[in-house]
Amino acid sequence: MERDHRIDLNLFRVLDAIYTHGGVSAAARVLHLTQPAVTHALGRLRDQLGDPLFIRQGNRLLPTDKVRAMMPAVQAHLKGLLASARALPQFDPAQLDMEFVLGFRDILESIVLPGLMARIEREAPAVRVVSRRVAADEMERELAAGALDLAVDRPLCAASRLSQHHLLDETLVVVMRRDHPLASTMRRADYLAARHVVVSPLGEANALDLLLGQNGMFREVRMVCQHYFAACQIAAASELLLTVPMAYAEHLAGLLPIAIRALPIRLPVIPILAYWHASKEDDQAHRWFRERLVTSIAETMPSSTH
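Computed from a predicted model, the values in this text were never measured in an experiment. (Residues numbered from 1 in each chain as written. Predicted model: local features only at pLDDT ≥ 70, side-chain atom pairs only at ≥ 80, totals over all residues. Heavy atoms only, no water.)

Chemist: Residues and numbers for helix 11 (residues 284-300), please.
Modeler: Given a rise of 1.5 Å per residue, 17 residues ought to cover 24 Å, and the 24 Å separating the end C-alpha atoms of helix 11 matches this to within 8%. Buried within helix 11 are the following residues: Ala285, His286, Trp288, Phe289, Arg290, Arg292, Leu293, Ser296 and Ile297. Here the buried face of helix 11 lies against strand 3 (99-103), helix 5 (106-123), strand 4 (128-132), strand 5 (150-153), strand 6 (162-170) and strand 12 (270-277). By the N-cap criterion, in which a side-chain oxygen at the helix start approaches the backbone nitrogen of a residue two or three places on, helix 11 is capped by Asp283, the distance to Ala285 being 3.0 Å. (Helix = DSSP H or I, 4+ residues; strand = E, 2+ residues; numbered from the N terminus. Expected span 1.5 Å × (residues − 1). Buried < 20%, exposed > 50% of the residue type's maximum accessible area, 1.4 Å probe, protein only. Contact = heavy atoms within 4.5 Å. Polar contact = N/O pair within 3.5 Å; in protein donor to acceptor, adjacent residues only side chain to side chain.)

Chemist: How would you summarise the environment of Pro93 if you had to cite specific residues and measurements?
Modeler: Residue position: Pro93 is located in the loop between helix 4 (65-84) and strand 3. By relative accessible area, Pro93 is classed as buried at 15%. In the structure, Pro93 is positioned 29 residues away from Arg122 in sequence and 9.9 Å away in space, judged by C-alpha atoms. Filtering out sequence-adjacent residues up to four positions away, Pro93 remains in contact with Glu123, Ala124 and Trp288.

Chemist: Give a detailed account of the sheet that holds strand 10 (residues 242-245), specifying residues and quantitative values.
Modeler: The antiparallel open sheet is built from 3 strands, whose spatial order is 10-7-11. Across the chains shown, the open sheet's two edge strands, defined by having one partner strand only, are strand 10 and strand 11 (258-262). Neighbour-to-neighbour, the strand axes of this sheet turn through a mean angle of 40 degrees, independent of strand direction. Most of the contacts of helix 9 (residues 228-236) go to strand 10, to which it runs at about 135 degrees, and overall it touches strand 7 (172-177), strand 10 and strand 11. (Pairing = 2+ DSSP bridges. Axes fitted to C-alpha atoms, helices over the stretch in contact; angles between N-to-C directions.)

Chemist: Describe in detail the sheet that holds strand 6, supporting the description with residues and values.
Modeler: Read across the open sheet, the 5 strands follow the order 4-3-5-12-6; overall the sheet is mixed. Of all the strands in the sheet, the pair left with one neighbour each is strand 4 and strand 6. Sheet twist, expressed as the mean angle between neighbouring strand axes with direction ignored, is 20 degrees. Both strand 5 and strand 12 contribute to a ladder of 3 bridges, which runs antiparallel. Paired with Ala151 across the two strands is Tyr275, which belongs to strand 12. Helix 5 rests against strand 3, strand 4 and strand 5 of the sheet, and its axis sits at about 170 degrees to strand 4.

Chemist: Go over the packing of helix 2 (residues 24-31) against helix 3 (residues 35-49), please, and point to the residues and values.
Modeler: Look at helix 2 against helix 3: their axes get within 8 Å of each other, and the N-to-C directions meet at 110 degrees. Taken as axis vectors, helix 2 and helix 3 run roughly perpendicular relative to one another. Between helix 2, through Val24, Ser25, Ala27 and Ala28, and helix 3, the contact on the second element is made entirely by Gln35, Val38 and Thr39. Tallied by class, residues from the contact of helix 2 with helix 3 come to 4 nonpolar, 3 polar and no charged. (Parallel < 35°, antiparallel > 145°, perpendicular 65-115°, else oblique. Nonpolar A, V, L, I, M, F, W, Y, C, P; charged D, E, K, R; others polar.)

Chemist: Can you explain the packing of aromatic side chains? Please cite residues and give values.
Modeler: One pass over the structure, following the stated rule, counts 3 aromatic pairs. Pairing Tyr228 with Tyr248 gives two aromatic rings, centres 6.1 Å apart and planes at 70 degrees, and the pair type is edge-to-face. Here Tyr228 is found in helix 9, whereas its partner Tyr248 is found in helix 10 (residues 246-252), with 20 residues between them in sequence. The exposure class assigned to Tyr228 is buried, which follows from its relative accessible area of 14%. Put simply, the rings of Phe100, Trp288 and Phe289 touch in pairs and so form one group of aromatic residues. (Phe/Tyr/Trp six-rings, centres within 6.5 Å; stacked < 30°, edge-to-face > 60°.)

Chemist: Give me the packing of helix 1 (residues 10-21) against helix 3: which residues, what numbers.
Modeler: With their axes 9 Å apart at the nearest point, helix 1 and helix 3 run at an angle of 110 degrees to one another. What the angle tells us is that helix 1 and helix 3 run roughly perpendicular. Counted together, Leu11, Val14, Leu15 and Ile18 of helix 1 and Val38, Ala41, Leu42, Arg44 and Leu45 of helix 3 form the full contact between these two elements. Its residues placed into classes, the contact of helix 1 with helix 3 shows 8 nonpolar, no polar and 1 charged.

Chemist: Describe the nonpolar core, with residues and values.
Modeler: In summary, soluble globular proteins display a tendency toward joint burial of nonpolar side chains. One finds Tyr191, Leu242, Val244 and Leu293 to be the most contacted residues of the largest nonpolar core, which totals 63 residues. The leading source of residues in this core is helix 5, at 7 residues. With residues up to four places along the chain from it excluded, the contact list for Leu293 reads Leu102, Phe104, Val112, Leu116, Leu150 and Val152. (Core = buried A, V, L, I, M, F, W, Y, C linked by side-chain atoms within 4.5 Å.)

Chemist: Tell me what's going on with the state of the cysteines, and back it up with residues and numbers.
Modeler: Here the structure, examined in full by the defined rule, presents 0 disulfides. Cys225 carries a free sulfur, and the closest cysteine sulfur to it, the one in Cys232, is 9.6 Å from it. With a relative accessible area of 10%, Cys225 lands in the buried category. Overall, Cys232 belongs to the buried group, its relative accessible area being 0%. (Disulfide = S-S within 2.5 Å.)

Written as structure tokens, this is what we have:
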């Protein structure tokens, strides 16, 4: 049977995504498609061009010589087509049917996600959101691979491939039960002599203890938790102190019998930033989502922002 030489131009978008991002899974996330759909498209293009196109090596797909030779022309033509598409109708979030993955801390989940999802349900009811905890040293790799769309955390030692936006400055306070002996007066010596509960979701060293240790100060940690809500409940029912961002303490003050006191140690505020891969900078759906996230954080955490 004679081969049909007509080729769906969408297949070249798949080819470019796999070539650029090094794998089917990453290409699927960039193109907002399922992995089986990308695999099927790649199979069609292999049949059309009579070439394997990519050879698997470890976790990556390496392009064949044919792909390397044709990609400059393919990418130039795709760029021209995308430029022409600017004349198409305006972006409409109500038409989105896709999933966004956030690298989020649990403190932000309970404060920010309710308002964010309410806004998304109004504007883009078919959009799905997944919140994951990701180690700081894994964020850049996950963003580059397309496993994360956005990461929100303290400053990262990130490469120039990542774009960023300052969200807020975090201030730490101390949470304790309302009738705690230190609820009336707490000096630095009292704080350091007290017993503490800390949060370490991934078993990492506590950032505050590292900072205190650099300045010759140490505290007694009696319990380590995975989640801040559990730690706050423990502080509300014990002698243990919990040091936590102010916005989260204020959020829980109406839910738990806790007192909030200033941290009696002078520390700089902690910047919290949003990160995304530079390849997403001009993606309309991604821009829409990150703008909704920034707005939700500004509305729900005003005491921590500028």
